[in-house]
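Examination of the molecular architecture
The lines below spell out each chain.
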Amino acid sequence: MSNNGGKKIGIDRAKKMIANYKSKADANATQSVWFSAEIIAEALGLTVPSGHAISGLRFHFAAYDPSMTEMGEAAKNHQTTLVFVPTTEESNKHVSKAFAANAPEAVAYNDSKICPPDCDE
């Protein structure tokens, strides 16, 4: 398993992980949560420059599967995780290019520490 704070992952991998979670979640389970760029910057002690294109981050609940062997036990156990993607504001909605067809700028993030087993409490 990765010991870093996460990294970019492929869009196909992100889609698969999100689908894994949805297939085991009940119909009313939360699928994603969005946070504004300003609140994320505040939490990090930063400021968002005016005119910044990213409106925030959408965190999708996801799950590993056994084919993702680099994630070790988390993959074997179908462990729940998060995949996050940047969003932009369009028509008063926060949308992600990550899952749009043929989006060359598409990016998603995961492969970070999973607790358990890697807890820093």
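Keep in mind the model is a prediction, meaning the values are calculated, not measured. (Residues numbered from 1 in each chain as written. Predicted model: local features only at pLDDT ≥ 70, side-chain atom pairs only at ≥ 80, totals over all residues. Heavy atoms only, no water.)

**Considerations on the packing of aromatic side chains**
Taken as a whole, this structure holds four aromatic pairs when the rule is applied. Taking the centre distance of 5.9 Å and the plane angle of 80 degrees together, the rings of Phe35 and Phe59 count as edge-to-face. Of the two residues, Phe35 is situated in strand 2 (residues 32-36) and Phe59 in strand 3 (residues 56-63); the sequence distance between them amounts to 24 residues. Residue classification places Phe35 among the partly exposed positions, given a relative accessible area of 39%. Between Phe59 and Phe84, the aromatic rings sit 5.2 Å apart at their centres with planes inclined by 35 degrees, giving tilted as the arrangement. Of the two residues, Phe59 sits in strand 3 while Phe84 sits in strand 4 (residues 80-90), which places them 25 residues apart along the sequence. What makes Phe84 partly exposed here is its relative accessible area of 26%. Grouping aromatic residues by their ring pairs yields a cluster made of Phe35, Phe59, Phe84 and Tyr109. (Phe/Tyr/Trp six-rings, centres within 6.5 Å; stacked < 30°, edge-to-face > 60°. Helix = DSSP H or I, 4+ residues; strand = E, 2+ residues; numbered from the N terminus. Buried < 20%, exposed > 50% of the residue type's maximum accessible area, 1.4 Å probe, protein only.)

**Let's talk about the nonpolar core**
Among the nonpolar cores identified, the biggest contains 16 residues, and Ile9, Met17, Tyr64, Val83 and Ala108 are the most heavily contacted of them. Looking at this core, the elements with two or more residues in it are helix 1 (11-24), helix 3 (73-76) and strand 4. Top element by residues in this core is helix 1. It accounts for four residues. (Core = buried A, V, L, I, M, F, W, Y, C linked by side-chain atoms within 4.5 Å.)

Read these as geometric descriptors, not functional statements.
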